[in-house]
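# Observations on chain architecture
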Amino acid sequence: MTRSDLVEELASRFGQLTHRDAEYAVKTILDAMSDALVRGHRIEIRGFGSFSINRRPPRMGRNPRSGESVHIPEKRVPHFKPGKALREAVDKRTGEMEGKA
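Quick caveat: nothing in here was measured; it's all calculated off a predicted structure.

How each quantity is defined
Residues numbered from 1 in each chain as written. Predicted model: local features only at pLDDT ≥ 70, side-chain atom pairs only at ≥ 80, totals over all residues. Heavy atoms only, no water. Domains from an automatic or database assignment. Patch = residues over 30% accessible without salt bridge, like charges linked within 9 Å, V, L, I, M, F, W, Y side chains within 5 Å. Areas by Shrake-Rupley, 256 points an atom, 1.4 Å probe, with all protein chains shown as cover. Salt bridge = Lys/Arg side-chain N within 4 Å of Asp/Glu carboxyl O. Helix = DSSP H or I, 4+ residues; strand = E, 2+ residues; numbered from the N terminus. Buried < 20%, exposed > 50% of the residue type's maximum accessible area, 1.4 Å probe, protein only. Contact = heavy atoms within 4.5 Å. Pairing = 2+ DSSP bridges. Core = buried A, V, L, I, M, F, W, Y, C linked by side-chain atoms within 4.5 Å.

## Re the domain arrangement of the protein chain
Per the domain assignment, the segments of the protein chain are domain 1 (1-41) and domain 2 (44-100). Distance between the C-alpha centres of domain 1 and domain 2: 22 Å.

## Comments concerning a nonpolar patch on the surface
Together, Ile 45, Phe 48 and Phe 80 give the surface a local cluster of nonpolar side chains, amounting to about 230 Å² of exposed area. The residue Ile 45 is located in strand S1 (residues 43-45) in this model.

## Considering the environment of Phe 80
For Phe 80, the position within the fold is in strand S5 (residues 75-82). Judged by relative accessible area, which is 31%, Phe 80 ranks as partly exposed. Here the alpha-carbon distance between Phe 80 and Ser 4, two residues 76 residues apart in the chain, equals 21 Å. With residues up to four places along the chain from it excluded, the contact list for Phe 80 reads Phe 48, Gly 49, Ser 50, Phe 51 and Leu 86.

## Quick notes on the pattern of salt bridges
Summed over the entire model, instances satisfying the criterion amount to six salt bridges. Residue Arg 55 pairs with Glu 74 through a salt bridge whose shortest N-O separation is 2.9 Å. Here the residue Arg 55 occupies a position in strand S2 (residues 49-56), and Glu 74 occupies one in the loop between strand S4 (69-72) and S5, the gap between them amounting to 19 residues. A network of salt bridges, in which partner residues are shared, links Arg 42, Glu 44 and Arg 46.

## A closer look at the pairing of strand S3 (residues 59-62)
When S3 meets S4, the two strands line up antiparallel, connected through four bridges. Bridge pairing in S4 links Arg 62 to Ser 69. Following S3, the chain reverses through six residues before pairing antiparallel with S4; Gly 67 in that reversal takes a positive phi of roughly 80°.

## Points about the nonpolar core
In terms of nonpolar packing, the biggest core is built from five residues, these being Met 33, Ala 36, Leu 37, Ile 43 and Phe 51. Residues contacting Met 33, with those up to four places away along its chain left out, are Ile 43, Ile 45 and Phe 51.

## A look at the side chain of Ser 52
Structurally, Ser 52 is set in strand S2. If sequence neighbours within four positions are ignored, Ser 52 has contacts with Leu 37, Arg 42, Val 77, Pro 78 and His 79.

Written out as structure tokens, the structure is:
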């Protein structure tokens, strides 16, 4: 699902929302989540999952073309951990799909 798919779904489920309002709502939520992660906060949405920041330590890598060693600096990357309800729903639905195939 893309961002525009999410906007379309929101606009179709809630008839009182115009497409522009749905787009603004999605943008506002995603911006707020991004800002929270940039500030180092953890985001938890019950039944869905949590977003946090993981630290990747510096390491030595290798340039695949030349084989030369390259220093890769430390990084902070977003991490998503699905909640129990989401994991169970995905497992159940994908199991049902495999049974149909």
